[in-house]
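Notes for the structure review
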Amino acid sequence: MLNKFGPSGHGEAQVQYLDGDFRVISPGTFVRCAITDTRIPLDELKYWSVDLQEAYATPAAVLQRHFPGALKPQP
């Protein structure tokens, strides 16, 4: 479903998250962060959980999902 210019489709992609890679199941240009609901362009996707099959926009979102309460509010 990918062409030489990147993903085809303009909406949200359906993605299978693998170890160190991901597979586009349904074409689109972005996925949503499971924590913040932020759109993550597929070419910027760096963080995801294979076990939970969800994407994260930032390392802080990963920590929030896997270690709730680990991030302390900044004063």
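A brief report on the enclosed structure follows. What you are looking at is a predicted structure, and each value in this text was computed from that prediction instead of being measured.

Further remarks concern the pairing of strand S4 (residues 21-26). Sheet topology places strand S3 (residues 14-18) next to S4; five bridges connect them, and they run antiparallel. Of the residues in S4, the one forming a bridge with Val15 is Val24. Between the end of S3 and the start of S4, which pair antiparallel, lie two residues, with Gly20 showing a positive phi angle near 75°.

This part takes up the environment of Ala55. With respect to the helices and strands, the residue Ala55 is situated in strand S8 (residues 54-56). According to the relative accessible area criterion, Ala55 is buried, its value standing at 2%. Counting along the chain gives 21 residues from Ala55 to Ala34, while the straight-line C-alpha distance between them is 5.9 Å. Each residue touching Ala55, except ones within four places of it in the same chain, is listed here: Tyr17, Val31, Arg32, Cys33, Ala34, Ile40, Leu45, Tyr47 and Trp48.

Membership of the largest hydrophobic core is limited to twelve residues, which are Ala13, Val15, Tyr17, Val24, Val31, Cys33, Ile40, Leu42, Leu45, Ala55, Tyr56 and Ala61. For this core, the secondary-structure elements that each account for two or more residues are S3 and S8. Residues in contact with Ala61, not counting those within four places in the same chain, are Cys33, Ile35 and Tyr56.

The final tally for this structure, using the stated rule, is three salt bridges. The salt bridge involving Arg32 is made with Glu12; its shortest N-O contact spans 3.5 Å. Within this pair, whereas Arg32 is found in strand S5 (residues 30-32), its partner Glu12 is found in the loop between strand S2 (6-7) and S3, the two being separated by 20 residues in sequence. Two residues, Glu54 and Arg65, come together in a salt bridge whose shortest N-O distance is 2.6 Å. Here the residue Glu54 occupies a position in strand S8, and Arg65 occupies one in helix H1 (residues 59-66), the gap between them amounting to eleven residues. Through salt bridges with shared partners, a single ionic network connects Glu12, Arg32 and Asp37.

A separate point is the side chain of Ser49. Within the secondary structure, Ser49 sits in strand S7 (residues 47-49). Reaching out from Ser49, the side chain makes a polar contact with the backbone nitrogen of Asp51 at a distance of 3.4 Å. In this view, Ser49 contacts Tyr17, Glu54, Tyr56 and His66; residues no more than four positions away in its chain are not counted.

Cut-offs used in this document
Each chain has its residues counted from 1, running along the sequence as written. At least 70 in pLDDT is required for a residue's local features to be given in this predicted model, at least 80 for side-chain atom pairs to be given and counted, and no such filter applies to totals for whole chains, interfaces and linings, which use all residues. Side-chain numbers come from the whole structure's heavy atoms, not from hydrogens or water. Criterion used throughout: strands pair if DSSP finds at least two bridges between them. Here a strand is any run of E in DSSP of at least two residues, a helix any run of H or I of at least four, and the numbering for each starts at the N terminus. A 1.4 Å probe rolled over the protein chains alone gives each residue an accessible area, and that area as a share of the maximum for its type sets the label: buried under 20%, exposed over 50%, partly exposed in between. Any pair of residues with heavy atoms lying within 4.5 Å of one another is described as a contacting pair. Put simply, buried Ala, Val, Leu, Ile, Met, Phe, Trp, Tyr and Cys residues joined by side-chain atoms within 4.5 Å make one nonpolar core. For this analysis, a salt bridge means a side-chain nitrogen from Lys or Arg found within 4 Å of a carboxyl oxygen belonging to Asp or Glu. Nitrogen and oxygen atoms within 3.5 Å of one another constitute a polar contact, given that in protein one can donate a hydrogen and the other can accept it, and given that sequence-neighbouring residues count only through two side-chain atoms.

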